[in-house]
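Secondary and tertiary structure notes
Below are the chains, spelled out letter by letter.
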Amino acid sequence: MRLDGIRVMVIGAHPDDADVYASGTAAKFVAEGAQVVFVSMTNGDKGHRTMGCAELAARRKGETQAAARCLGLEDYVVLDHPDCELEATLENRRELTRLIRRFAPHLIFTHRTCDYHADHRACGTLVMDAAYLLGVPHWCPDVPVPDTAPAVFLMSDPFTTPRAIRPDVAVDVSDRLDLMADCLLCHPSQFLEWLPPEQEGALEALPAPDATLEERRAFIRRFWLDPYKANDARRFGLPFAYAEVFEQSEYGRQLTPAAIRDLFPF
Ligand SMILES: [Zn+2]
């Protein structure tokens with residue numbers, strides 16, 4: 001396979017963000033032999049209307065492990081920071097540095113720092129803050145600097161201030177829609193319980209408890225894949241129907257266009 005020995009880390013704020021923003025691309029990396037790890041910087045213990053925080057955190061952890069099996073991930077790490085309270089502190093910068101160094105990824109994906117959720121912004125800032133320090137031996141000397149310096153890619157979002165994301169890489173995920181839907185369906189506490197009231201028409205369209213897999217997939221497609229992945233394909237004029245686009249961060253190792261093509265051979 002073309003990406004044997006390549007390691008990929010997707011770092012999101014919540015225990016569903018890596019799935020929402022990059023599950024199609026992650027599936028393609030796995031299919032090419034890369035090792036893929038998802039990270040959630042928080043335990044997701046706030047986003048529910050009826051479940052208590054501790055119970056919810058435990059449930060969300062279980063949902064991430066189901067998603068990891070669905071996508072064929074090496075691991076889905078959930079750090080135990082409370083939801084809605086993530087900050088770009090020195091302590092968190094050290095924790096993230098150690099986590100990244102131990103896995104020694106070639107590629108990191110994370111949020112931009114202009115995003116609606118404070119946890120997403122803090123997560124993006126933490127990765128930016130760690131990006132240079134990963135190669136500084138006296139910073140966190142208990143975990144040695146690995147041989148690989150990762151390139152950092154920013155995941156797509158709809159925000160346009162100060163500017164829209166630049167699509168340096170566009171991955172055609174049109175042939176992974178069922179798998180992406182199945183991955184999101186591993187998180188019922190998010191996509192079937194917490195988020196539908198925020199999306200117009202989603203509550204009314206919610207699949208019944210005895211809905212078929214196809215009906216559940218159709219719900220996810222309508223409310224998650226069409227609005228984001230199909231919309232990105234349209235707004236960037238791409239020659240396929242569903243896209244995950246990424247911008248190469250100026251922090252971290254800089255890849256040439258040829259190196260980008262080698263690392264994204266799909
Ligand atoms: Zn999130």
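A brief look at the structure comes next.

Regarding the overall build of the chain
A tally of helices and strands in the chain yields nine helices and seven strands. Viewed in the frame of its principal axes, the chain has a C-alpha envelope of about 55 × 45 × 40 Å. Split into buried and exposed, the 266 residues of the chain put 55% on the buried side. Long-range contacts, defined here as pairs at least 24 residues apart, represent 79% of the contacts in the chain between residues at least 6 apart. Roughly 11800 Å² of accessible area belongs to the chain as shown, and the carbon and sulfur atoms make up 53% of that amount. Between the averaged position of the 28 positive side-chain charges in the chain and that of its 40 negative side-chain charges there is a distance of 4 Å.

So, the coordination of the zinc ion
At the metal site, the zinc ion is ligated by His14 (ND1), Asp17 (OD), Asp17 (OD) and His120 (NE2), and these contacts range over 2.1 to 2.4 Å. Of note is the zinc ion, whose four donor atoms meet at the metal with angles of 56 to 138° in an arrangement that counts as irregular. Donor residues for the zinc ion sit on one chain with the sequence pattern H-x2-D-x102-H.

Details of the environment of Phe223
Among the secondary structure elements, Phe223 is positioned in helix 8 (residues 213-235). With sequence-adjacent residues up to four places away left out, Phe223 is seen in contact with Gln199, Glu200, Gly201, Ala202, Ala205 and Tyr228.

Some words on the pattern of salt bridges
All chains considered together, the criterion is met by 18 salt bridges. Glu32 is paired through a salt bridge with Arg2; the nearest N and O atoms lie 2.6 Å apart. Within this pair, whereas Glu32 is found in the loop between helix 1 (17-31) and strand 2 (35-42), its partner Arg2 is found in the segment before strand 1 (7-12), the two being separated by 30 residues in sequence. The partner of Arg217 in a salt bridge is Glu214, with the nearest N and O atoms 2.8 Å apart. Taken as a pair, Arg217 and Glu214 lie in helix 8 at a separation of three residues, close to a single helical turn. Judged by its relative accessible area of 14%, Arg217 falls in the buried class. Relative accessible area serves as the criterion here: at 48%, Glu214 is assigned to the partly exposed category.

A closer look at the sheet that holds strand 1
The seven strands are arranged 3-2-1-4-5-7-6 in an open sheet whose pairing can be described as mixed. Unpaired on one side and paired on the other, strand 3 (75-81) and strand 6 (169-172) mark the two borders of the sheet. Strand-to-strand twist across the sheet, computed as the mean angle between neighbouring axes with direction ignored, equals 25°. Most of the contacts of helix 3 (residues 90-103) go to strand 1, to which it runs at about 155°, and overall it touches strand 1, strand 2, strand 3 and strand 4 (107-110). The strands touched by helix 4 (residues 118-133) within the sheet are strand 1, strand 2, strand 4, strand 5 (151-155) and strand 7 (243-252), with strand 4 carrying the most contacts at an inclination of about 155°.

Looking at helix 2 (residues 53-71)
Given a rise of 1.5 Å per residue, 19 residues ought to cover 27 Å, and the 27 Å separating the end C-alpha atoms of helix 2 matches this to within 8%. When helix 2 is considered as a whole, its buried residues turn out to be Leu56, Ala57, Arg60, Glu63, Thr64, Ala67, Ala68 and Leu71. Projected down its long axis, helix 2 carries its buried residues within an arc of 145°, all on one side. In helix 2, those exposed residues whose orientation departs by more than 90 degrees from the buried face are Ala54, Glu55, Ala58 and Arg69. Here the buried face of helix 2 lies against helix 1, strand 2, strand 3, helix 5 (177-185) and helix 6 (188-194). Where helix 2 ends, the next residue or the one after it, Gly72, has phi of about 80°, a positive value.

Things to note about the nonpolar core
Judged by nonpolar contacts, the single largest core of 51 residues is most densely connected at Leu107, Phe109, Phe153 and Phe264. For this core, the element with the most residues is helix 1, which contributes seven residues. Counting 27 residues, the second largest nonpolar core, distinct from the first, contains Ile11, Val77, Leu86 and Leu96.

Structural notes on the pairing of strand 5
Of all five residues that make up strand 5, five are buried, and the element is covered over most of its length. Every second residue of strand 5 is oriented toward a common face, with Ala151, Phe153 and Met155 on one face and Val152 and Leu154 on the other, all of them buried. Bridging between strand 4 and strand 5 involves four bridges; their strand directions are parallel. Residue pairing in the sheet places Ile108 in a bridge with Val152 of strand 5. You can see the chain leave strand 4, run along helix 4 and come back into strand 5, and the turn it takes is right-handed. Bridge analysis of strand 5 against strand 7 gives four bridges, and the strand direction is antiparallel.

Reading the values: the criteria
Every chain begins its residue count from 1, and numbering advances along the sequence as written. Predicted model: local features are reported for residues with pLDDT of at least 70 only, side-chain atom pairs are reported and counted for 80 or more only, and whole-chain, interface and lining totals are derived from all residues. Processing note: side-chain calculations cover all non-hydrogen atoms of the structure and skip hydrogens and water entirely. Helix and strand assignments follow DSSP, with helices taken as H or I runs no shorter than four residues and strands as E runs no shorter than two, numbered in order from the N terminus. Summary of the burial criterion: residues with accessible area below 20% of their type's maximum are buried, those above 50% are exposed, and those between are partly exposed, where the area comes from a 1.4 Å probe applied to protein chains only. Pairs of residues are marked as contacts when any of their non-hydrogen atoms sit within 4.5 Å. The protein chains shown are the only cover counted for residues, whose accessible areas, like all others here, come from Shrake-Rupley with a 1.4 Å probe. Lys and Arg are tallied as positive, Asp and Glu as negative. Neither His nor the chain termini are counted. The atoms used to mark charge sites are NZ of Lys, CZ of Arg, CG of Asp and CD of Glu. Donor criterion used throughout: N, O or S atom within 2.8 Å of the metal, extended to 3.2 Å for Na, K and Ca. Water excluded; incomplete-looking sites may result. A site with four donors is called tetrahedral when every donor-metal-donor angle falls between 85 and 135 degrees; four donors are called square planar, and six octahedral, when opposite donors sit more than 155 degrees apart and all other angles fall between 65 and 115; any other arrangement is irregular. Salt bridge, as used here, is a side-chain nitrogen of Lys or Arg placed within 4 Å of a carboxyl oxygen of Asp or Glu. Here, a strand pair is defined by DSSP locating no fewer than two bridges between the strands. An axis is simply a line fitted to the C-alpha atoms; with a helix, the fit covers only the stretch in contact. Between two such axes, the angle follows the N-to-C directions and lies from 0 to 180 degrees. By this rule, a helix spans an expected 1.5 Å times one less than how many residues it contains. In this description, one arc is meant: the one made by directions from the helix axis to the C-beta atoms. Throughout this description, the term nonpolar core refers to a set of buried Ala, Val, Leu, Ile, Met, Phe, Trp, Tyr and Cys residues connected via side-chain atoms within 4.5 Å. We call a crossover right-handed when, viewed with the strands running away from us, the connection from the first strand over the helix to the second turns clockwise.

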